[in-house]
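Working through the structure, step by step
Spelled out from the first residue to the last, the chains are:
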Amino acid sequence: MSVQKDAKWWDGHARSYAKKPVSDEAGYQRTLKRVTGFLKPTDRVLELGCGSGSTALNLAPAAQTYLATDISPTMIQIANDKIAASPAPNLSFRVASAETLAAEDARFHTVLGFNYLHLDGYTGYESAKPCAERGIVQRITTSRKLKEAGFEVLENELHGTAGADPRPFIVARKL
Ligand SMILES: C[S@@+](CC[C@H](N)C(=O)[O-])C[C@H]1O[C@@H](n2cnc3c(N)ncnc32)[C@H](O)[C@@H]1O
């Protein structure tokens, strides 16, 4: 699918996605805690595929500035409504993709993506597999792609606590 088609699909599903409860709250909290441990108060952070912004709201206090982005204008509208209701001074949301930001030559200390990288490239192949197996394949494929792109993989963990979804969690540093 093209980015435009993906954005349209996510726009159509944004309001229902934003209402869904987190499926594995303990696993999610584990991820938030691990990410917070890596962030520094001097960090300029970029989040890609931020959805309706809940994770950005949780993590932004640990950074200097936090730009959260998504290709879906409806997701960003929902996220902006959240900060209008409860302001977060160092957090901003905007419609963007990795490609549009790269073209602006934007610079960040840390780039985050949650439940997002798996959407890039191999969803069709993997969607036929059971969730647990899919998570393992995603973990291996993503680490390999990061290494090929010149990153050192620092952490490669599974954060899932609810059985079926392993919640792969990878931290990598550009060499
Ligand atoms: C499964 S949702 C995850 C949202 C959020 N990160 C979370 O963990 O709840 C995937 C999000 O990625 C966005 N997305 C999909 N493809 C993208 C792309 N190429 N660039 C940026 N965002 C993208 C979608 O609009 C959607 O909001």
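Bear in mind that the values here come from a model prediction, so they are computed numbers and not experimental data.

1. Quick notes on the overall build of the protein chain
For the protein chain, the count of helices and strands is seven helices and six strands. For the protein chain, the sequential pattern of α-helices and β-strands runs α-α-β-α-β-α-β-α-β-α-α-β-β. Over its C-alpha trace the protein chain gives a radius of gyration of 16 Å, about what one expects of a compact globule, namely 16 Å for 175 residues. With respect to the three principal axes, the spread of C-alpha positions in the protein chain is 40 × 35 × 35 Å. Among the 175 residues that make up the protein chain, the fraction classed as buried is 34%. Of all intrachain contacts in the protein chain linking residues separated by at least 6 positions in sequence, the fraction that spans at least 24 positions is 59%. Approximately 10,300 Å² of the protein chain is accessible, and the part contributed by carbon and sulfur atoms is 56%. Looking at charge distribution, the protein chain has the averaged site of its 22 positive side-chain charges lying 1 Å from that of its 19 negative ones.

2. Comments concerning the side chain of R167
Here R167 lies in the loop between strand 5 (151-158) and strand 6 (168-174). Despite its burial, R167 pairs with no opposite charge; the closest candidate is D24, at 4.9 Å N-O. Polar contacts involving the side chain of R167 include one to the side chain of T31, which spans 3.3 Å. Residues within four places of R167 in sequence aside, it is in contact with D24, G27, Y28, T31, E157, L158, H159 and G160.

3. Some words on the site of the ligand
Neighbouring residues of the ligand: 13 residues in total, closest Y17, G49, D70, F114 and N115. A distance of 2.7 Å is found between a nitrogen atom of the ligand and a backbone nitrogen or oxygen belonging to F114.

4. Digging into helix 2 (residues 25-38)
For helix 2, spanning 14 residues, the distance from its first C-alpha to its last is 20 Å, which sits close to the expected 20 Å at 1.5 Å a residue. Taken as a whole, helix 2 has its buried residues at G27, Y28, T31, L32 and V35. Looking straight down helix 2, one finds that the buried residues subtend no more than 140° of arc, so they occupy a single side. In helix 2, those exposed residues whose orientation departs by more than 90 degrees from the buried face are K33 and G37. Structurally, helix 2 contributes buried residues whose contacts are with helix 3 (54-59), strand 4 (110-113) and strand 6.

5. Quick word on the sheet that holds strand 2 (residues 65-70)
Strand order in the open sheet made by the four strands is 3-2-1-4, with parallel pairing throughout. Two strands bound the open sheet, and with one partner strand each, they are strand 3 (91-95) and strand 4. Within this sheet the neighbouring strands show an average axis-to-axis angle of 20°, counted without direction. Two strands pair when backbone bridges link them, and strand 1 (residues 44-48) and strand 4 are joined in this way by four bridges, in the parallel orientation. Its bridge partner being in strand 4, L46 is matched across the sheet by V111. Sheet strands touched by helix 4 (residues 73-85): strand 2 and strand 3. Its angle to strand 3, the strand with the most contacts, is close to 160°.

6. Comments concerning the domain arrangement of the protein chain
On domain assignment, one finds that the protein chain holds domain 1 (3-115) and domain 2 (125-175). The C-alpha centroid of domain 2 is placed 19 Å from the C-alpha centroid of domain 1. Contacts between the two partners involve nine residues from domain 1, matched on the other side by 10 residues from domain 2. When domain 1 packs against domain 2, close to 910 Å² is buried across both sides, 51% of that on carbon and sulfur atoms. A per-residue breakdown of the area domain 1 buries against domain 2 is headed by D24, R30 and R34, which together make up 50% of the total. Linking domain 1 to domain 2 there are two salt bridges.

7. Quick look at unusual backbone geometry
Although it is not a glycine, N115 adopts a positive phi angle of roughly 55°. Structurally, the position occupied by N115 is in the loop between strand 4 and helix 6 (123-126). In this structure, R167 is a non-glycine residue whose phi angle is positive, near 50°.

Rules behind the numbers
- Residues numbered from 1 in each chain as written.
- Predicted model: local features only at pLDDT ≥ 70, side-chain atom pairs only at ≥ 80, totals over all residues.
- Heavy atoms only, no water.
- Helix = DSSP H or I, 4+ residues; strand = E, 2+ residues; numbered from the N terminus.
- Rg over C-alpha atoms; globule rule 2.2 N^0.38 Å.
- Buried < 20%, exposed > 50% of the residue type's maximum accessible area, 1.4 Å probe, protein only.
- Contact = heavy atoms within 4.5 Å.
- Areas by Shrake-Rupley, 256 points an atom, 1.4 Å probe, with all protein chains shown as cover.
- Lys, Arg positive; Asp, Glu negative; His and termini not counted.
- Charge placed at Lys NZ, Arg CZ, Asp CG, Glu CD.
- Salt bridge = Lys/Arg side-chain N within 4 Å of Asp/Glu carboxyl O.
- Polar contact = N/O pair within 3.5 Å; in protein donor to acceptor, adjacent residues only side chain to side chain.
- Near = heavy atom within 4 Å.
- Expected span 1.5 Å × (residues − 1).
- Arc of directions from axis to C-beta.
- Pairing = 2+ DSSP bridges.
- Axes fitted to C-alpha atoms, helices over the stretch in contact; angles between N-to-C directions.
- Domains from an automatic or database assignment.
- Buried area = accessible area lost by both parts, 1.4 Å probe.

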